[in-house]
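# Geometric and topological summary
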Amino acid sequence: RPDLEEQKAVLISQMNGFKIKTKELEDGILEQLANAEGDILENIALIENLEDSKRVALEIGEKAKIAAVTEIEINAAREMYRRVAARGSLMFFLLATLNKVHTFYHFSLASFNAIVERAITGRRGKLVWNEEAVMSAMAPAKLKRALLDEAAERKKVVLADEPEVFEARMNFLVDNITFKVFDATRRGLLERHKLILATQLLLKVMAKAGELDSAESEYLTSGRSSMSPPQMTAKVQEFLTAKQWANACALKEVDAFKNLCEDLELGTDAWSEWLEFERPETENLPGEWEKRCTPFQKLLVLRALRTDRVTTSLTKFIENRLGARYTQQEPFDMEDTFNDSSYKQPLFFVLFPGVDPGVAIERLGRKLGFTAEGGNYVSIAMGQGQEKNAENTIDRFSKDGGWVFLQNIHLMSTWLPTLDRKLEIVGETGSEDFRAFLSAEPPPMMLESEMQTVPEGVLQASIKVANEPPTDLKATLRSSYALFDQATLDRSTKPKAHRPMLFTLAFFHSLVLGRRKFGFQGFSRNYPFNNGDITVCADVLHNYVEGRDSLPWADLKYIWGEIMYGGHITDGWDRRAMSAYLDVLLVDDLVDEKSAYHLAPGFRPLLEGDFSAYRFYIEEAMPAESPTLLGLHSNAEIALLVENCDALFRAVFTLQGGGAAGGGGSNKEARVKELLVEMQEGLPAEFAMLEIKSRVKEKTPYVVFVLQELERANAVLDLMGTGMRELELGLSGALNVSDAMDALIGFLYVNIVPPNWLKICGQIGPTGNYNRKNLANWFVDLKERHVQLDAWSKDPYVRPHSVWAAGLFNPMGYVT
């Protein structure tokens, strides 16, 4: 409603004019009275001026009353749009925190406003100066004003007579702004960060709607464990680990789960059966818990007892609460992304192994008439000596129109401020036909939240594209098959063989990409399989099928498995796994209508149909994600899913600034105080090194080793004890809370081991963090280390019969 804003501005100006005029009248009257001579009752001019002032004052008073009523009406109308504005504000501040996760995630208010405007008005095409457009531009201002007034009156009628239409419009705006901003942001995120954004959005939307309990949200994000849980009964020990029991004891602090631990002890059979399910999130909770728990509370039970199923269940919850489009992304479309850009907004591509945006840019350029042959497209591989060439190209194309693609700009760190300023100038004076395409590699994963390789100004102004291969099998198959089109299918004269075989190739490509996420359980190395492999194999498939009377299974297996995909492989066992896939997939049963052949458990090949039919089949027939689809054991993903869950909520906690959505600082401090009491009570005493060394007469290698371990243990315990005592004084007000104390509060609250504790333990090194445990489990581990060292220290000369090597600070020192 721009008419309301304009009317509000006119009204404010009018009210200010009234005040100024009233002040002028008052000053004029006082001046005339002060300068009047003789009897003022006989001063005709003065009396007439007073009458005029009175008349004007009365008119102003009447207009002011009308303006006051109008202002109330305008404010009431504007107030009806408040929830739309509130959702826009929520989305902007959601984006503003993403740079804590990755230094590439910077967004400006201008780019955010552009997205919101498109969400409200739709995408605006390029202006065409035809007869209608010229006449519109020449229309008198009064006519334009009349048309705006007429549109405003129609909106008033709708608001008064059809409130349900207005309400539907408001719902649409809230929903569309939320998704358009989310989708535009997701386009530039790495795959592992997309669920983080969706989760953060979910929590903020639920908190805004009053649907989120702060204690429940805090437990989900922190995944707390009890530092000193009570002893498990023998029956509970049969189906729960110590970690699960500690998690459950922490969860009972949430009101809805006060009786959880007691029920685990009483209903051992039911809980044991539920925990043994491969997908417990799809099964009913034991006993009355299914009726008592909301879907969100069921997430908390999974967070405590089946951490490996949290991300899958959370994804489903987001789909049910926000919609499936928030978790299922369409394959990257270069033309659609380009239509969102302008000469003010460069397109910034994040580079990944095997992904070359230049191919898609050149293909789109040929379609729109921007080619190197035509002189209006230039691609520059940035390196030493290319700075001037890039600057001259930007200057020329910003005036005459054209596309410039600057590749690998992260290599030109000293020149990037110049590029930032160039693009800023182009944004003010550039040609409508100018486009800048940029590409850069992201910082190393361990430094992605700290290392700024590209200036913030460039990132804020750009439309970011991270066309990283997806990690789940369905999304990978969707994007793999999207590399083809109907023309690819129509080229073949043998569709009954070619179409299912092409679909199988896309499935095979998805398998080898999906297998990589399992780390060393998938492949021994992270091979750079890419879109070029599948497209070349598709050409080979077409040529061999068309050129042979019989289907060339052996030839295709060799070319695909040994040359194209096999060309990346350096390990014999990985090559064997690749060959095994092709031996199962490329068989005569694949194209036999009467065969009961399955590409994977529960997934039959589609033998005929057009391109859209195959895409629909992927969406509808693809089984749920499971390692068995890739030929792996169902337990292969447990460690992966647990790590994904922990990484997800560590990032969510960081985005929330150290607290749960809707939570308060006082609750956080109270929780940390409780943890300090628990940990200080359970912290082992330091070893009496003087007494131990006094008993040492001869320093044999093993004696030297155990003394070093004891000194390291004392250093850890001293650091922990000192830090916790200082924090306790800080929280009580006896000391000022320093930055180190504030950081420790955050780590304790979110159940993460502070980095300085890990460093002194030797669990942080040049390649990153070696610890994979949360604070509660790490603290239990520390106490068990102390028990082992305490037993050894009683007689350093007697080596234990068995040594827990993983419980040593320097296990290699013991081995060598």
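Keep in mind that this is a model prediction, so the values were computed, not measured.

## Focus: the overall build of the chain
Across its full length, the chain holds 36 helices and seven strands. Dimensions of the chain, computed from the C-alpha atoms along their principal axes, are close to 125 × 85 × 65 Å. By residue count, 45% of the 816 residues in the chain fall in the buried class. In the chain, once contacts between residues fewer than 6 apart in sequence are set aside, the share between residues at least 24 apart is 71%. Accessible surface, the chain: about 41,400 Å² in total, of which carbon and sulfur atoms supply 54%. Computed over 92 positive and 115 negative side-chain charges, the inter-centroid distance for the chain is 2 Å.

## Topic: the nonpolar core
Residues L406 and I409 are the most contacted members of the largest nonpolar core, which totals 103 residues. Apart from residues no more than four positions distant in its own chain, L406 is found in contact with I380, M382, A390, I394, W415, L419, F437, L438 and S439. Core analysis: the next-biggest nonpolar cluster, separate from the first, contains 53 residues, F484, L511, Y565 and F603 among them.

## A closer look at the packing of aromatic side chains
Inspection of the entire model under this criterion finds 32 aromatic pairs. When the ring of F370 is compared with that of W403, the centres are 4.7 Å apart and the planes differ by 5°; the resulting orientation is stacked. Here the residue F370 occupies a position in the loop between α18 (357-368) and β2 (377-381), and W403 occupies one in strand β3 (residues 402-407), the gap between them amounting to 33 residues. Each member of the pair, F370 as well as W403, carries the same accessibility label: buried. What links up through ring pairs into an aromatic cluster is the set Y481, F484, F503, F507, F603, F611, Y614 and Y617.

## Observations concerning the sheet that holds strand β5 (residues 463-465)
The parallel open sheet is built from five strands, whose spatial order is β2-β3-β4-β1-β5. Looking along the sheet, the strands with just one partner apiece sit at the ends: β2 and β5. On average, adjacent strands in this sheet sit at an angle of 15° to one another, irrespective of strand direction. Sheet topology note: the β3/strand β4 (residues 434-440) ladder contains five bridges and is parallel. Across the sheet, the residue bridging to G402 is F434, located in β4. Helix-sheet contacts for helix α19 (residues 387-400) involve β2, β3 and β4, and the interaxial angle to β3 is about 155°.

Quick notes on the rules
Residues numbered from 1 in each chain as written. Predicted model: local features only at pLDDT ≥ 70, side-chain atom pairs only at ≥ 80, totals over all residues. Heavy atoms only, no water. Helix = DSSP H or I, 4+ residues; strand = E, 2+ residues; numbered from the N terminus. Buried < 20%, exposed > 50% of the residue type's maximum accessible area, 1.4 Å probe, protein only. Contact = heavy atoms within 4.5 Å. Areas by Shrake-Rupley, 256 points an atom, 1.4 Å probe, with all protein chains shown as cover. Lys, Arg positive; Asp, Glu negative; His and termini not counted. Charge placed at Lys NZ, Arg CZ, Asp CG, Glu CD. Core = buried A, V, L, I, M, F, W, Y, C linked by side-chain atoms within 4.5 Å. Phe/Tyr/Trp six-rings, centres within 6.5 Å; stacked < 30°, edge-to-face > 60°. Pairing = 2+ DSSP bridges. Axes fitted to C-alpha atoms, helices over the stretch in contact; angles between N-to-C directions.

So far we have only geometry, and geometry alone does not tell us how the molecule works.
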